[in-house]
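Report on the structure
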Amino acid sequence: MKQLYINGAWLDGASSSANINPSNTNDIIDHYAVADAQQTELAIAAAAAAAPGWALSNIQMRADALDKIGSEILARREELGILLSREEGKTKPEGIGEVVRAGNIFKFFAAECLRLRGDKIPSVRPNLDVEVTREPVGVVGIIAPWNFPIAIPSWKIAPALAYGNCVVMKPAELVPGSTWALTEIISRAGLPPGVFNLVMGHGAVVGAALLNDRRVNAISFTGSVATGKKVAMAAMGRLAKVQIEMGGKNPLVILDDADLATAVYCAVQGSYFSTGQRCTASSRLIVGKNIYPRFVEAVKQELAKLAVGDALAAGTDIGPVVDANQLEQDMNYIRIGKDEGATLAYGGERLDGPSPGFYLRPALLTDASNDMRISREEIFGPVASVIPADSYEHALFLANDTEFGLSSGIVTTSLKHATHFKRHAQAGMVMVNVPTAGVDYHVPFGGSKASSYGSREQGTYAAEFFTTVKTAYCGV
């Protein structure tokens, strides 16, 4: 059984849970410890005790530790990628790619340890020096989702440690394996006891303890809108710093002047790969009425080429849905779309694999409208709806007509429309002639409206959340 990691020691949990392979439900990856409230409190206490020393720790030591973590992740990319694909359902190439991203994130923030900047500002009063510096916020509670089980924990953990914070990490219950493997690497990087702690368990127990303990100075959460709102209310209720990444209903606009091959590539990659289980997935395909018939037919032909199967099998393009509940949610939305008047143009049926698993043929719903539930609510699976647009202006209106604002894309050969769209798309990330899903590890990640709350993640912008600004005056 894989244990908890608290105050530099491996500890048994109050109970344990099985980590099941969605490609083969007969395959139990391992059993992972489940913490109770008392063990979570122990982790918070350890982090709080370690925080003052780590905040003042040598930046070269921090940089060396993070670089060591990144190097080991990259050296073990295939092993860790297989584990990730086995527990989450991404294909093996996607799993390895996510691991490489995690390693690069730690490498990036290792260098950031040595780039801590401040300002020296002249005072308007005589004989005064003014210094503006950034300091760590203290103890950071991290609550991660299941769809990127090593990349998202990494892009939260690495900056937290780089800027001198201590961490209590809670991975998603569905996918503890990748974060546990990351923790095992972190445990050998030379960090003092209590600086990093792994507490696996239920959100109602572990998550609630992190939210309600005043020793936790900041909460970084990625997950659903409903849970995100609860996290925000709890954190703000005790004036803790909070960063929340939630859902998306991301549009990909295909204008009549688009290159058809580019449009199909962006739509299929953005909507269906990683089984559509990405918050940046293109779930609304908004298509000009003149290119609409050709686009739909070309997408159907491309979907027919995709192999759905075991995540680790050679040649698999689309792996399984993560679990039975998510599969039922996906299929329920397909039924809802048909009932609302959309046409199921391709796929949408459950498939039998070589072993018992949660397989779903990618679904394409056409003749949709922007007021249908399938166009308003996040499905989080290999399901996309196609919405016709009369003009560029109509397409832009449809793209922005959503409560979400994470990623928004356009495929066009018009520089005029591309430039206008970049400025007027109501989203934190805008893509032109590339899929809506897929961002670099060194640039800011986040959205607007109901997709995000708080400062951005990743890159140098992570300092906004993981540090606080101090202004110091000194008489001379």
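All of these numbers come straight from a predicted model, not from anything done at the bench.

The subject of this paragraph is the overall build of the protein. Looking only at helices and strands, one finds 15 helices and 24 strands in the protein. In terms of overall dimensions, the protein is globule-like: its C-alpha atoms have a radius of gyration of 23 Å, near the 23 Å expected for 476 residues. Sorting the 476 residues of the protein into buried and exposed places 57% on the buried side. Looking at the protein alone, contacts between residues at least 24 apart form 72% of all its contacts between residues at least 6 apart. Put simply, the protein shows about 18400 Å² of open surface, and 53% of that area lies on carbon and sulfur atoms.

Quick look at the sheet that holds strand β13 (residues 282-288) now. The sheet built from 7 strands is open, its strands ordered β14-β17-β18-β13-β12-β20-β21 with mixed pairing. With one partner strand each, in any of the chains shown, β14 (343-346) and β21 (429-432) form the two edges of the open sheet. Direction aside, neighbouring strands of the sheet carry axes that sit 25° apart on average. The sheet strands contacting helix α9 (residues 260-272) are β12 (250-254), β13, β17 (363-366), β18 (383-389) and β20 (407-411), and the helix crosses β13 at an angle near 160°. Its contacts with the sheet put helix α13 (residues 392-400) on β12, β13, β18 and β20, and the angle it makes with β18 is roughly 140°.

So, about the packing of helix α2 (residues 59-75) against helix α4 (residues 92-112). Contact geometry of α2 with α4 gives a least axis separation of 8 Å together with a crossing angle of 165°. Taken together, the axis directions place α2 and α4 in an arrangement best described as roughly antiparallel. Crossing hand, α2 versus α4: left-handed. Here Ala63, Leu66, Asp67, Ile69, Gly70, Ser71, Ile73 and Leu74 of α2 come into contact with α4, specifically with Val99, Val100, Ala102, Gly103, Asn104, Phe106, Lys107, Phe109 and Ala110. Grouping the amino acids of the contact of α2 with α4 by side-chain chemistry returns 11 nonpolar, 4 polar and 2 charged.

Before going further, it helps to examine helix α6 (residues 176-186). At 3.6 residues per turn, the α-helix brings residues three or four places apart onto the same side. Judged by how many residues are buried, α6 sits mostly within the fold: 10 of 11 residues are covered. Buried within α6 we find Pro176, Gly177, Ser178, Thr179, Trp180, Ala181, Leu182, Thr183, Ile185 and Ile186.

To continue, consider the side chain of Arg284. Among the structural elements, Arg284 can be located in strand β13. Within the buried set, Arg284 has no salt-bridge partner at all; the shortest N-O distance to an opposite charge, 6.5 Å, is to Asp401. Non-local contacts of Arg284, meaning those with residues more than four positions away in its chain, are made with Lys249, Asn250, Pro251, Leu252, Asn370, Ser375, Ser385, Ile387, Leu398, Ala399, Asp401 and Thr402.

Let us look at the packing of aromatic side chains. Evaluation of the coordinates by the stated rule reveals 7 aromatic pairs. Where Trp146 meets Phe380, the ring centres are 5.4 Å apart and the plane angle is 85°; that geometry is what we call edge-to-face. Of this pair, Trp146 sits in the loop between β7 (139-143) and α5 (151-162) while Phe380 sits in the loop between α12 (373-376) and β18; the two residues are 234 residues apart in sequence, bridging distant segments of the chain. By relative accessible area, which is 16% here, Trp146 ends up buried. Judged by its relative accessible area of 16%, Phe380 falls in the buried class. Joined through ring pairs, the aromatic side chains of Tyr5, Trp10 and Trp180 make up one cluster. The lysine or arginine in question, Lys2, covers the ring of Trp180, its NZ or CZ lying 4.7 Å from the ring centre. Over the aromatic face of Phe148 sits the side chain of Lys90, whose NZ or CZ is 4.0 Å from the ring centroid.

At a closest axis distance of 10 Å, the pairing of α9 and helix α10 (residues 292-305) adopts a crossing angle of 55°. As far as their axial angle goes, α10 and α9 are oblique. The handedness of the crossing between α9 and α10 is right-handed. Residues Leu260, Ala263, Val264, Ala267, Val268 and Tyr272 of α9 touch α10, and the partners they reach there are Arg294, Phe295, Ala298, Val299, Glu302 and Leu303. Residue composition of the contact of α9 with α10, grouped by class: 10 nonpolar, no polar and 2 charged.

Relative to strand β6 (residues 128-136), strand β5 (residues 119-122) runs antiparallel, the two sharing 4 bridges. Bridge pairing links Lys120 to Glu131 in β6. Hairpin connection, β5 to β6: the antiparallel pair is bridged by 5 residues, and Asn127 has positive phi, about 60°.

For Asn400, the position within the fold is in helix α13. The contact partners of Asn400, leaving out residues within four places of it in the chain, are His424, Ala425, Gln426 and Lys449.

Our focus in this paragraph is the sheet that holds strand β24 (residues 467-475). By definition, the strands of a sheet pair up through backbone hydrogen bonds, in either a parallel or an antiparallel sense. Taken in spatial order, the 3 strands make up an open sheet running β5-β6-β24, and their pairing is antiparallel. On the outer flanks of this sheet lie β5 and β24, each paired with one strand and no other. Direction aside, the axes of adjacent strands within the sheet are offset by 25° on average.

Rules behind the numbers
Residues numbered from 1 in each chain as written. Predicted model: local features only at pLDDT ≥ 70, side-chain atom pairs only at ≥ 80, totals over all residues. Heavy atoms only, no water. Helix = DSSP H or I, 4+ residues; strand = E, 2+ residues; numbered from the N terminus. Rg over C-alpha atoms; globule rule 2.2 N^0.38 Å. Buried < 20%, exposed > 50% of the residue type's maximum accessible area, 1.4 Å probe, protein only. Contact = heavy atoms within 4.5 Å. Areas by Shrake-Rupley, 256 points an atom, 1.4 Å probe, with all protein chains shown as cover. Pairing = 2+ DSSP bridges. Axes fitted to C-alpha atoms, helices over the stretch in contact; angles between N-to-C directions. Parallel < 35°, antiparallel > 145°, perpendicular 65-115°, else oblique. Left-handed = near helix turned anticlockwise from the far one by under 90°. Nonpolar A, V, L, I, M, F, W, Y, C, P; charged D, E, K, R; others polar. Lys, Arg positive; Asp, Glu negative; His and termini not counted. Salt bridge = Lys/Arg side-chain N within 4 Å of Asp/Glu carboxyl O. Phe/Tyr/Trp six-rings, centres within 6.5 Å; stacked < 30°, edge-to-face > 60°. Lys NZ or Arg CZ within 6 Å of the ring centre and 35° of its normal.

Scope: geometric values only; no functional claims are made or implied.
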